[in-house]
Amino acid sequence: MWIMTDDALIEDPNGHVFGSAPGLPDELFEHDGLITKRHIRATAIAHLRPRSGELLWDVGAGAGSVAIEWCRAADGARAIGIERNAVRAERARANALRLTPNGAMKILKATAADALDELLPPDAVFIGGGATISVVERAMERLPPDGRLVVHGITIEAELLCVEAQRRWGGQLSRMQVETAQPLGALTGWQPARTVIQWAHQKASG
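Residue positions are given per chain, counting from 1 as you read along its sequence in written order. It should be noted that, the model being predicted, local features are given only for residues of pLDDT at least 70 and side-chain atom pairs only at 80 or more, the latter also being counted only at that level, while totals for whole chains, interfaces and linings use all residues. Note that the side-chain values use all heavy atoms of the structure and ignore hydrogens as well as water.

Draft legend 1. Structural detail: the nonpolar core. In plain words, nonpolar cores are sets of buried Ala, Val, Leu, Ile, Met, Phe, Trp, Tyr and Cys residues tied together by side-chain atoms within 4.5 Å. Throughout, exposure labels follow a simple rule: accessible area from a 1.4 Å probe, protein chains only, divided by the maximum for the residue type, with under 20% read as buried, over 50% as exposed, and the rest as partly exposed. One finds Phe29, Leu48, Leu56, Trp70, Ala79, Met105 and Phe126 to be the most contacted residues of the largest nonpolar core, which totals 30 residues. Helix and strand assignments follow DSSP, with helices taken as H or I runs no shorter than four residues and strands as E runs no shorter than two, numbered in order from the N terminus. Elements represented by at least two residues in this core include exactly helix H1 (38-48), helix H2 (65-73), helix H3 (86-99), strand S6 (105-109) and strand S7 (124-127). In terms of residue count, H2 provides more of this core than any other element does, five residues in total. Within the second largest apolar cluster, 23 residues are counted, among which are Val59, Ile82, Val136 and Val151.

Draft legend 2. Structural view of the packing of helix H5 (residues 133-142) against helix H6 (residues 156-169). A fitted line through C-alpha atoms serves as each axis, taken over the contacting stretch for helices, and the angle formed by two N-to-C directions is quoted from 0 to 180°. Put simply, H5 and H6 touch, their axes get as near as 10 Å, and they point 35° apart. Here the hand of the crossing between H5 and H6 comes out right-handed. Here Ile133, Val136, Glu137 and Met140 of H5 come into contact with H6, specifically with Leu161, Glu164, Arg168 and Trp169. Residues of the contact of H5 with H6, tallied by class, amount to five nonpolar, no polar and three charged. Helix crossings get a hand from a simple test, with the near helix turned counterclockwise from the far one by less than a right angle marking a left-handed crossing and a clockwise turn marking a right-handed one. Here a residue-residue contact requires only that any non-hydrogen atoms of the pair lie within 4.5 Å. Residue polarity is assigned by list, with Asp, Glu, Lys and Arg as charged and Ala, Val, Leu, Ile, Met, Phe, Trp, Tyr, Cys and Pro as nonpolar; anything else, Gly included, falls into the polar class.

Below you can see the structure in the form of structure tokens.
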């Protein structure tokens, strides 16, 4: 049984304690497989760089794992998750209630196209699902100088989008492949996860 203490430390069934550093185990979150996995999530948070009191938009929130890690990483950090699937939105809301300070994370059941114009301006944006160039453009418009934007995808279409974004705005384009050791009969082999394309960008200041 996972236990969260009053000071937001999390203890797993084996007595291991997890603090505010990103990379919480995937099994800590309720999810249906649509989750930014632990190793990849940690790199997203590294590029998003949470700071005290800042606001994140988590677009295509899924299980809400990136927004939750953001809220845990800095005092007073807040997040708004946008998720169009009602079941996933409710699941993300339940994860947030268990794992973040009260009120730090809100979940909106909506599409990005419907939601983004109505939200408070973000300090950083993560787009993990349903990325389109129009959503990226809107996020860039709403970001303040020095705001951070990270896009993840696993499809060819998402890769083409990230390439286009990098050509238009600059930033860092990466492909990440994680393999984990898994039983293979009586032996052990490497099990690859899907390759993730990442575009990470910081908006110019001034």
